[in-house]
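Breakdown of the fold
Take a look at the letters that make up each chain.
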Amino acid sequence: MRLPSNMEAPIKIGMLDSGVGGFSVLREMLRSLPSHPVHYVADNAWCPYGNKPPRDIRRRVLRIADSLIEAGCGIIVVACNSATIHGVELLRASYPLPFVGMEPAVKPAAEMTRSGIVGVLATEASIAGEKFHRLVTAHAQGVRVITRPCPRFVELVEAGVLEGPEAEAVVRAEVMPLLEQGVDVLVLGCTHYPFLRPVMETVVPPTVSILDTGGAVCRRVSRLLDAAGTTPSSSHSPAALAIETTGDLEHVTRLLPLLLPDHGRPVTVRHVDLFNGEASP
Ligand code: DGL
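Reading guide: rules and limits
Residues numbered from 1 in each chain as written. Predicted model: local features only at pLDDT ≥ 70, side-chain atom pairs only at ≥ 80, totals over all residues. Heavy atoms only, no water. Helix = DSSP H or I, 4+ residues; strand = E, 2+ residues; numbered from the N terminus. Rg over C-alpha atoms; globule rule 2.2 N^0.38 Å. Buried < 20%, exposed > 50% of the residue type's maximum accessible area, 1.4 Å probe, protein only. Lys, Arg positive; Asp, Glu negative; His and termini not counted. Charge placed at Lys NZ, Arg CZ, Asp CG, Glu CD. Near = heavy atom within 4 Å. Polar contact = N/O pair within 3.5 Å; in protein donor to acceptor, adjacent residues only side chain to side chain. Areas by Shrake-Rupley, 256 points an atom, 1.4 Å probe, with all protein chains shown as cover. Nonpolar A, V, L, I, M, F, W, Y, C, P; charged D, E, K, R; others polar. Pairing = 2+ DSSP bridges. Axes fitted to C-alpha atoms, helices over the stretch in contact; angles between N-to-C directions. Contact = heavy atoms within 4.5 Å. Core = buried A, V, L, I, M, F, W, Y, C linked by side-chain atoms within 4.5 Å. Disulfide = S-S within 2.5 Å. Salt bridge = Lys/Arg side-chain N within 4 Å of Asp/Glu carboxyl O. Patch = residues over 30% accessible without salt bridge, like charges linked within 9 Å, V, L, I, M, F, W, Y side chains within 5 Å.

A few points about the overall build of the protein
A tally of helices and strands in the protein yields 11 helices and 10 strands. For 281 residues, the compact-globule estimate of 2.2 N^0.38 gives 19 Å, and the protein sits close to it at 18 Å. In terms of overall dimensions, the protein has C-alpha extents of about 55 × 40 × 40 Å along its principal axes. By the burial criterion, 53% of the 281 residues in the protein qualify as buried. The positive charge centre, built from 26 side chains, and the negative charge centre, built from 29, are 5 Å apart in the protein.

Below, the structure is given as structure tokens:
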């Protein structure tokens, strides 16, 4: 799906995730595309997605996509691996605008490994997804791919615990079993996990590579915007950032300076009720 060309104003980028994990993609987006307003919806009322049935994930993301389109977004980044794996094809079939999804870096990992053993950290939902299995079959022939869901990583990030003894103990417990099996490349297949990368780097030896896909997703968005010939802003003031959460406003407001320090954008954060108050079971 192509973007409309020769737009008068910079296209607004929509983003969504189960919570604040997609901020790991958003922080790259704000740096690399300063002229484009960004509207991010965090579905904290239904977080985590990782233990939810695919049909629930699809229902949630379709509704959120509706609201991003109503808000004037011209391109939507599904900044959530679980939602991409279970929902991006339906989103693309349902709306006439481009959706950019996350793809765990299985292909670069398979090309990079020397031990022939790659670890993929991702949610249970992502690992169970047909789209994930297709990715492994297509790009990791001859490589052993060991998957591991790390729901506690999502809990830590949503609690704003990115360092310290608790974060270190949880990271060690999840990562060590993979290293013991000979993994030399770790793929971060969930957008929450990059916030724990600094702790991971203290736990894994320097011979182990850690890969995530936030940067690649931003480059893809940037190429789509360039191809559409969108007009860069003539104004010197930075474009706005709107953040909405279906959950607790105070929760997201508190995490903002920790997860997105120095973003330099005029920001609004508000609660949005897209599901008539329905909360996570
Ligand atoms: N950040 C999401 C992902 O990339 C979802 C994590 C969760 O809500 O379980 O999969």
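Once you've had a look at it, read on.
Considering the site of the ligand
Inspection of the region around the ligand gives 13 residues, with Ser 18, Tyr 49, Asn 81, Ser 82 and His 192 positioned closest. Take Tyr 49: an N or O atom from its main chain is 2.7 Å from an oxygen atom of the ligand. Relative to its free-state accessible area of 300 Å², the ligand is covered by the protein chains to the extent of 99%. Residues of the shell around the ligand, tallied by class, amount to 5 nonpolar, 7 polar and 1 charged.

Comments concerning the sheet that holds strand E1 (residues 12-17)
The 6 strands are arranged E4-E3-E1-E2-E9-E10 in an open sheet whose pairing can be described as parallel. What marks the edges here is a single partner per strand, and that holds for strand E4 (99-101) and strand E10 (267-271). Taken pair by pair, the neighbouring strands of this sheet meet at an average axis angle of 20°, ignoring direction. Where strand E9 (residues 241-245) lies against E10, 5 bridges are found, and the strand directions are parallel. Within E10, the residue paired with Leu 241 across the bridge is Val 267. Each of E1, strand E3 (73-78) and E4 is contacted by helix H3 (residues 81-94), which is oriented at about 165° to E4, the strand it contacts most. Relative to E4, helix H10 (residues 214-227) is tilted by about 160°, and along the sheet it contacts E1, E3 and E4.

A word on the nonpolar core
Residues Ile 13, Met 15 and Phe 23 are the most contacted members of the largest nonpolar core, which totals 59 residues. When residues in this core are grouped by element, the largest group, 6 residues, is from helix H8 (residues 165-180). Beyond its immediate sequence surroundings of up to four residues, Met 15 is in contact with Gly 22, Val 25, Leu 26, Met 29, Val 38, His 39, Tyr 40, Val 41, Leu 68, Val 77 and Ala 79. Within the second largest apolar cluster, 23 residues are counted, among which are Val 61, Ile 64, Ile 76 and Leu 91.

Remarks on the state of the cysteines
Summed over all chains, the structure comprises 0 disulfides. A disulfide-free cysteine, Cys 80 has its sulfur positioned 6.8 Å from the sulfur of Cys 190, the nearest such atom. Its sulfur unpaired, Cys 150 is 8.6 Å from the next cysteine sulfur, which belongs to Cys 190. You can call Cys 150 buried: its relative accessible area is 0%.

With respect to the pattern of salt bridges
Within this structure, the stated rule accounts for 10 salt bridges. With a shortest N-O distance of 3.9 Å, Arg 31 and Glu 28 are connected by a salt bridge. Placement of the pair is Arg 31 and Glu 28 together in helix H1 (residues 23-32), with a separation of 3 residues, close to one helical turn. The exposure class assigned to Glu 28 is partly exposed, which follows from its relative accessible area of 25%. Between Arg 197 and Asp 212 there is a salt bridge; the shortest N-O distance is 3.4 Å. With Arg 197 in helix H9 (residues 197-203) and Asp 212 in the loop between strand E8 (209-211) and H10, this pair connects stretches of sequence that are 15 residues apart. Each member of the salt-bridge network shares a partner with another, and the members are Glu 89, Lys 131 and Arg 134.

Quick notes on a positive patch on the surface
A contiguous patch of positive charge, built from Arg 92, Arg 219, Arg 220 and Arg 223, is present on the exposed surface. Ranked by the residues each element gives to the positive patch, the list is headed by H10, at 3 residues. Note that Arg 223 resides in helix H10.

Structural notes on the environment of Arg 148
Secondary-structure assignment places Arg 148 in strand E6 (residues 144-148). In contact with Arg 148, not counting residues within four places along its chain, are Val 120, Leu 121, Ala 122, Ile 127, Ala 173, Glu 174, Pro 177 and Leu 178. A distance of 2.8 Å separates the side chain of Arg 148 from the side chain of Glu 174, its partner in a polar contact.

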